[in-house]
Amino acid sequence: MATIGKSELSRKDIESADKDEKETLLEHDSEPDEDMIFNRPSTSNGNGRVDGKMDSVKIQIEDVTNVMRDNVKKVMERGEKLEDLQDASDRLSMTSNQFREAANKAQRKMWLQNLKSRIFIVTIILTIIFFIFVVDILALFLVLR
């Protein structure tokens, strides 16, 4: 029989195995040996007290078995819910990373736009100051001439 390494098993294989195992655990009532032990004819000598104890033990065993089946079912459901929560957490993490990248990109774009606006305003102010000085210098030059 060839052994399969963990790296050779896909997630799908593991999930299908988990589902098969869950079904086996939840649908399994009892083994034939258990049936023979708990359902065998009474060997008591007509003593109703022994049969009553056996019946009460059988009932207790059935109750415990039912409780354990319910517990196994609840554990499986909890595992599924945890897997769903993990998937949702992973999706939220990816979405938050995408949002962070988009926010950083928008921030850089706005910074660049703000820088361009400031450069434009400074250029206009310097141009106005330049023309004021040029006109004053020309006026002074014409007056002194």
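Nothing here was measured: the structure is a model prediction, and the numbers come from that model. (Residues numbered from 1 in each chain as written. Predicted model: local features only at pLDDT ≥ 70, side-chain atom pairs only at ≥ 80, totals over all residues. Heavy atoms only, no water.)

Undergrad: Can you walk me through the overall build of the chain in this structure?
TA: Assigned secondary structure in the chain consists of 3 helices and 0 strands. Helices and strands appear in the chain in the N-to-C order α-α-α. By the burial criterion, 1% of the 145 residues in the chain qualify as buried. Per element, the accessible surface of the chain, about 13,600 Å² overall, is 61% carbon and sulfur. (Helix = DSSP H or I, 4+ residues; strand = E, 2+ residues; numbered from the N terminus. Buried < 20%, exposed > 50% of the residue type's maximum accessible area, 1.4 Å probe, protein only. Areas by Shrake-Rupley, 256 points an atom, 1.4 Å probe, with all protein chains shown as cover.)

Undergrad: Sorry if this is basic, but what is going on with the UniProt feature "transmembrane region" (unreviewed entry) in the chain here?
TA: In this numbering, the UniProt entry assigns the feature "transmembrane region" (unreviewed entry) to residues 119-144. Each end of residues 119-144 is marked by a C-alpha atom, and these two atoms are 37 Å apart; helix forms 100% of the span and strand 0%. (UniProt positions renumbered as here; feature names shortened; annotations may be inferred.)

Undergrad: Is there a simple way to think about a nonpolar patch on the surface in this case?
TA: A cluster of nonpolar side chains, F120, I121, V122, I124, I125, L126, I128, I129, I132, F133 and I137, forms an exposed patch at the surface whose accessible area comes to about 1,100 Å². Tracing the backbone through its elements, the reader meets I132 in helix 3 (residues 48-144). (Patch = residues over 30% accessible without salt bridge, like charges linked within 9 Å, V, L, I, M, F, W, Y side chains within 5 Å. Salt bridge = Lys/Arg side-chain N within 4 Å of Asp/Glu carboxyl O.)

Undergrad: Where do I start with the confidence of the model for the chain in this structure?
TA: Interpretation of this model should avoid reading the predicted coordinates in detail wherever pLDDT is low. For the chain, the average pLDDT comes to 80, and 66% of its residues sit at 70 or higher. Helix 3 holds the highest mean pLDDT among the elements of the chain, 92, whereas helix 2 (residues 32-38) holds the lowest, 51. (pLDDT = per-residue confidence, 0-100.)

Undergrad: Sorry, what's going on with a negative patch on the surface here?
TA: On the surface, E83, D84, D87 and D90 cluster together into a patch of negative charge. Topologically, D90 is positioned in helix 3. (Lys, Arg positive; Asp, Glu negative; His and termini not counted. Charge placed at Lys NZ, Arg CZ, Asp CG, Glu CD.)

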